[in-house]
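Examining the three-dimensional arrangement
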Protein chains: 2
Amino acid sequence: MSKEISQAVIRRMPRYYRYLGELIDEGVERISSNELSTRMNVTASQIRQDLNNFGGFGQQGYGYNVKYLYEEIGKIMGLSEQHNIIIIGAGNLGQAIANYVKFERLGFVTIALFDVNPDICGKTIRGIPIMLVDEMEDFIATHKVDIAALTMPKEKAGAIAKQLVGYGVHAIWNFAHVDLEIDDDVVVENVHLSDTLMQLSYNIVKSRNEKK
Amino acid sequence: MSKEISQAVIRRMPRYYRYLGELIDEGVERISSNELSTRMNVTASQIRQDLNNFGGFGQQGYGYNVKYLYEEIGKIMGLSEQHNIIIIGAGNLGQAIANYVKFERLGFVTIALFDVNPDICGKTIRGIPIMLVDEMEDFIATHKVDIAALTMPKEKAGAIAKQLVGYGVHAIWNFAHVDLEIDDDVVVENVHLSDTLMQLSYNIVKSRNEKK
């Protein structure tokens, strides 16, 4: 399992994981690449190629063992361990993330929010405390923090990211609309919402032109 | 401008647009692909290739006219017109989106939120009204609605999407964690937050293993 798998393949894995989870819920024990292909609206050959990257869990004439494949993909994606999240910025977006119960089922557990606004500090969301940004360093020193979600204004994101890395955080889930310049060994995943809006408006105009 | 441009190139355009906007703010009038390359941490040849897709706005020995390039990319991405958004689901995420002033600067204007909860209907966010989902059909019939953002629970997303398409909405910005089965001529952009978390945890485990 040591060979390099492309990020394009990795990006498709969450969707496989979601469909396999649904099959488990329906009591399906095994599935062929053709059946999975119909369900997921992806070619069977794409499915076979993707899953071959992980050593290929299918058996000729049997198909895939749904539960086994689900668990293997989970392990590969790092879901067999718990990841603790802190959220920096307890505005609507930070609170929305703290409220997603579903993330917990995947092993992503929010353990604290931080904000500069003293009025909301001391409050909790689903029992998760909101603390002052000044308390962040102590908190990270005394708790296992795996991921920091940045949901504060972009002007402050760069400085906060540097602080977090200095405190020992190695993964950043960045919602601030700015490129973070930080160490190469820090993992960053950007969620730039306005980029997805621009992608949408491009496709709106394109689709309208095609109809002409 | 009629040739097909790959979605991979289109996905890179918002980042160019952001950097060019920053250059304008700094008063920079022209820039070479090499300078832009250093700034954006992308190879100059990638930049030239990407921008050539749009007819290439650079001139040998002069570089790119920043403002012209910014405006052209804006036009290509559909930003030269206003896109009205309605948000279905006025929870934290829906409210967070309604609060993003920055989207408006790009021409994406939220004009209403809809929710099933009568307690919050009648309230406003930055002057934007929250209405009952039952009022959606009338509202769409009497207002220009270009994009519907789905920020409600995934169990209801499929049914709501079908309704919206029936009412004449042709673009969906989908935050519900489900694949929508709708007409081919409807443009859908998915923002699956848990997928980005899984991507992050994969890279956390990978980065840890590389250090061993």
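All values reported here derive from a predicted model rather than from experimental measurement.

Quick notes on the relation of the copies chain B and chain A
Aligned on chain A, chain B shows an RMSD of 0.0 Å; the corresponding rotation is 180° and the shift along the axis is 0.0 Å. The two molecules are tied by a two-fold rotation axis, judged by turn and shift. Every residue of chain B has its C-alpha some distance from the rotation axis, and the shortest such distance is that of Asn-92 of chain B, at 2.6 Å.

Some points on the interface of chain B and chain A
Taken together, the contact between chain B and chain A spans 62 residues of the former and 62 residues of the latter. In total, about 5,600 Å² of surface goes out of reach between chain B and chain A, with carbon and sulfur atoms giving 62% of it. Summed over the shared surface of chain B and chain A, the number is 6 salt bridges. The residue Arg-15 of chain B makes a salt bridge to Asp-179 of chain A at a minimum N-O spacing of 2.6 Å. Remark: the boundary between chain B and chain A carries 22 residue pairs in polar contact (both at pLDDT 80 or more). Broken down by secondary-structure element, the contributors of at least two residues to the side of chain B that touches chain A are α1 (7–25), β4 (83–88), α5 (92–99), α6 (101–105), β9 (171–174), β10 (187–190) and α9 (193–211) of chain B. A per-element tally of the side of chain B that touches chain A places α9 of chain B first, with 17 residues. Of the residues assigned to the side of chain B that touches chain A, the class counts are 31 nonpolar, 15 polar and 16 charged.

Things to note about the pairing of strand β5 (residues 108–115) of chain B
All names here are of chain B. The element β5 is largely enclosed, with a buried count of 7 among its 8 residues. Sheet topology note: the β4/β5 ladder contains 6 bridges and is parallel. Looking at β5, one finds that Ile-87 is bridged to Leu-113.

Comments concerning the side chain of Thr-110 of chain B
Residues and elements named next belong to chain B. Take Thr-110: it is sitting in strand β5. Judged by relative accessible area, Thr-110 falls into the buried class, the value being 7%. The contact partners of Thr-110, leaving out residues within four places of it in the chain, are Ile-85, Ile-87, Ala-98 and Ile-128.

Examining unusual backbone geometry
Note: most peptide bonds trans; most residues except glycine with negative phi. Residue and element names in this part refer to chain A. Of note, Asn-41 is a non-glycine position whose phi angle comes to about 60°, a positive value. Here Asn-41 shows up in the loop between α2 (33–40) and α3 (44–52). Residue Asn-41 is classed as exposed on the basis of its relative accessible area, which comes to 73%. Despite not being glycine, Arg-126 has its phi angle at roughly 50°, a positive value. Following the sequence through the fold, Arg-126 ends up in the loop between β6 (124–125) and β7 (128–132).

Concerning the confidence of the model for chain A
Confidence along chain A averages 91 in pLDDT terms, with 96% of residues attaining 70 or more. For this predicted complex, the interface confidence reaches an ipTM of 0.90, while the overall pTM sits at 0.90.

Some thoughts on the packing of aromatic side chains
One pass over the structure, following the stated rule, counts 10 aromatic pairs over all chains. For the pair Trp-173 of chain B and Phe-175 of chain B, a centre-to-centre distance of 4.9 Å together with 70° between the ring planes defines the contact as edge-to-face. The same class applies to Trp-173 of chain B and to Phe-175 of chain B, which are both buried. Three or more aromatic residues joined by ring pairs make a cluster, and in this case those are Tyr-100, Phe-103, Trp-173 and Phe-175 of chain A.

Structural notes on the sheet that holds strand β8 (residues 147–150) of chain A
Residues and elements named next belong to chain A. With mixed pairing, the 7 strands of this open sheet are ordered in space as β6-β7-β5-β4-β8-β9-β10. If you trace the sheet from one side to the other, it starts and ends with β6 and β10 (187–190), each paired once. Here 2 bridges tie β6 to β7, and the two strands are oriented antiparallel to one another. Across the sheet, residue Ile-125 finds its bridge partner in β7, namely Ile-128. Sheet contacts for helix α5 (residues 92–99): β4 (83–88), β5 (108–115), β6, β7 and β9 (171–174); angle to β5, the most-contacted strand, approximately 155°.

Here we look at the nonpolar core
Counting 104 residues, the largest nonpolar core has Trp-173 of chain A together with Trp-173 of chain B as its most contacted members. Setting aside residues no more than four positions away along its own chain, Trp-173 of chain A makes contact with Ile-97, Phe-103, Ile-147, Ala-148, Ala-149, Leu-150, Glu-189 and Val-191 of chain A together with Leu-193, Thr-196, Leu-197 and Leu-200 of chain B.

Concerning the sheet that holds β10 of chain B
Residue and element names in this part refer to chain B. Within the open sheet, the 7 strands sit side by side as β6-β7-β5-β4-β8-β9-β10. Their pairing is mixed. Every interior strand has two partners, whereas the edge strands, β6 (124–125) and β10, have only one. Sheet analysis places β5 next to strand β7 (residues 128–132), joined by 3 bridges and oriented parallel. Across the sheet, Phe-114 pairs through a bridge with Met-131, a residue of β7.

Quick notes on the pattern of salt bridges
In the structure shown here, the tally under the stated rule is 22 salt bridges over all chains. As a salt-bridge pair, Asp-179 of chain A and Arg-18 of chain B come within 3.2 Å of each other at their nearest N and O atoms. Taken together, the residues Asp-179 of chain A in the loop between β9 and β10 and Arg-18 of chain B in helix α1 connect one chain to another. Between Lys-67 of chain B and Glu-71 of chain B there is a salt bridge whose closest N-O contact spans 3.1 Å. Remark: Glu-71 of chain B and Lys-67 of chain B occur in helix α4 (residues 66–76); sequence separation between them is 4 residues, near one turn of the helix.

Parameters and conventions
Residues numbered from 1 in each chain as written. Chains lettered and ligands numbered in written order. Predicted model: local features only at pLDDT ≥ 70, side-chain atom pairs only at ≥ 80, totals over all residues. Heavy atoms only, no water. Least-squares fit on C-alpha atoms with pLDDT ≥ 70 in both. Contact = heavy atoms within 4.5 Å. Buried area = accessible area lost by both parts, 1.4 Å probe. Salt bridge = Lys/Arg side-chain N within 4 Å of Asp/Glu carboxyl O. Polar contact = N/O pair within 3.5 Å; in protein donor to acceptor, adjacent residues only side chain to side chain. Helix = DSSP H or I, 4+ residues; strand = E, 2+ residues; numbered from the N terminus. Nonpolar A, V, L, I, M, F, W, Y, C, P; charged D, E, K, R; others polar. Buried < 20%, exposed > 50% of the residue type's maximum accessible area, 1.4 Å probe, protein only. Pairing = 2+ DSSP bridges. pLDDT = per-residue confidence, 0-100. Phe/Tyr/Trp six-rings, centres within 6.5 Å; stacked < 30°, edge-to-face > 60°. Axes fitted to C-alpha atoms, helices over the stretch in contact; angles between N-to-C directions. Core = buried A, V, L, I, M, F, W, Y, C linked by side-chain atoms within 4.5 Å.

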